[in-house]
Structures are given as C-alpha cells and as structure tokens.
Amino acid sequence: AQSVSQHNHHVILSEAASLELGCNYSYGGTVNLFWYVQYPGQHLQLLLKYFSGDPLVKGIKGFEAEFIKSKFSFNLRKPSVQWSDTAEYFCAARYGRSYIPTFGRGTSLIVHP
Amino acid sequence: ETGVTQTPRHLVMGMTNKKSLKCEQHLGHNAMYWYKQSAKKPLELMFVYSLEERVENNSVPSRFSPECPNSSHLFLHLHTLQPEDSALYLCASSQEYSNEQFFGPGTRLTVL
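Calculation rules
Residues numbered from 1 in each chain as written. Chains lettered and ligands numbered in written order. Predicted model: local features only at pLDDT ≥ 70, side-chain atom pairs only at ≥ 80, totals over all residues. Heavy atoms only, no water. Helix = DSSP H or I, 4+ residues; strand = E, 2+ residues; numbered from the N terminus. Buried < 20%, exposed > 50% of the residue type's maximum accessible area, 1.4 Å probe, protein only. Contact = heavy atoms within 4.5 Å. Pairing = 2+ DSSP bridges. Core = buried A, V, L, I, M, F, W, Y, C linked by side-chain atoms within 4.5 Å.

Visitor: Now, about the side chain of Asn32 of chain A: what can you tell me, with residues and values included?
Guide: Locating Asn32 of chain A in the fold gives a position in strand E5 (residues 31–38). Taking relative accessible area as the criterion, Asn32 of chain A reaches 10% and is therefore assigned buried. The residues touching Asn32 of chain A, leaving out its near neighbours within four places in the chain, are Tyr50, Phe51, Ala92, Ala93 and Arg94 of chain A together with Asn99 of chain B.

Shown next, in the form of structure tokens:
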C-alpha cells in the first residue's frame, strides 16, 4: 500500500539549532511530494512542494527539502530554527495521476528560546 | 486566509443530535476534501469530491454523510455520533492535477 513515513514524532530543539525532519514514501513511480506546516491554532499551510526538476526545493521561511529518489526520501531542513518554527509538520505524497494525497502522521517540533 | 472557510469553528453536540459542517472555497478549485485530525494520529482522509464525483474512505462510518451541491460548497452531515468522533474536521480544496491543497481552519467537534 502507498504510504508516507515520518520517523520523528517529536523533536525538541534550541533556537539556532539545525533541523532535519525525515520523510519516506513508498511508491516507485511518479510522485509529487509536499511539506505542510500547522502552527498552533492555525490552519495547515504549504511549506514547499516537489513535482520535478531540481531535487533541492526551496520553500517559505527558510525551509528546504531534498528529493532523493534512490532513498525514497524527501527530508525537510532548516539551517537555523527559531522559536516561531514551533509547529506540527506533515509530509504528504500524491502518487501517479491521483488527486488523493497520502499524509504522514506528522512531527511535532518544539523550539526553545 | 487560504480562500477556504469552514463553519462553525467549534461545535459541541450530544450523541442524538444531527448537525452539519459547512465548507466553502473561493479559489475556483474542482476538488474538495474532508479530513479528520485526531491527536497523535495521521490525518485521515474521509471523503473527496472531484468534478462532483465522490470518492470515500471505506472505513468512515455511515453516521458521517457528505454532500457537495456544487464545486464551491461541501457539507458534512453528522448524526448519532460517538464520543470518539470528537476531533478537528478539516476541509481542503485543490485544482485537479495541480496537486497543492488549501486547507480551511477546521471545525473543532466535541461529542458528549
């Protein structure tokens, strides 16, 4: 079955630390990949997405993600986190021509000031 | 603001009540979705309407009934719910094949 795995369920960092959140997908064909963020009390919003082309994708707020096809991975990174990055982060994949996405279970990030 | 609105934002209901959640999108999208977000669980896709056809997750109980009268509006009708149905219900929309979803703020549902 198609799935998305986020291995880190809870991450706690201090401000200025570097961040990497893991995401692995299961399908070997065409895949579109997304990272969404949900700040406390706010709606889910898109951070970045990968459809094709350059495997290193830049998103909003200094986030980036790298698509590594050989590893079925799409890890999210930020070189220096801020307290305001405290949020829930969701990786999602859309396989083939389906408009139905598959979400990971999310990673809760807490950044201490 | 994402262009997707949901009402009400909070709802408390008893197990014998009947209520409806409403979602409206102002983005011209042709696919709309209902998700259930429970604490410590993955986002659960409940229903999808695309080009006014319905796709559903077969594990969703029949006490949840969706309605999509047109491409801009989506409802979730609730009846005889259980306490374990308490969750945040999210609506989203997308343009088919453009893939990015836009989410509403959600309805926080509490079933007593």
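Visitor: With reference to specific residues and values, describe the pairing of strand E8 (residues 73–79) of chain B.
Guide: For a regular strand, the rule is simple: side chains alternate between the two faces of the sheet. All names here are of chain B. With seven bridges connecting them, strand E3 (residues 18–25) and E8 associate as antiparallel partners. Paired with Glu24 across the two strands is His73, which belongs to E8. The pairing of strand E7 (residues 64–70) with E8 spans five bridges and is classified as antiparallel. What sits directly across from Ser65, in E8, is His77.

Visitor: Outline the nonpolar core, listing residues and values.
Guide: The nonpolar side chains of a soluble globular protein tend to be buried with one another. Core analysis: the largest hydrophobic core is formed by 29 residues, its most contacted members being Trp35, Leu48, Phe74, Leu76 and Tyr89 of chain A. Those elements that provide at least two residues to this core are strand E2 (10–14), strand E3 (19–21), E5, strand E6 (45–50), strand E8 (64–68), strand E9 (73–78), strand E10 (87–95) and strand E12 (107–112) of chain A. If sequence neighbours within four positions are ignored, Phe74 of chain A has contacts with Cys23, Leu33, Phe34, Trp35, Leu48, Tyr50, Val57, Ala65, Glu66 and Phe67 of chain A. In this structure, Leu21, Val60, Leu74 and Leu78 of chain B belong to the second largest nonpolar core, which totals 22 residues.

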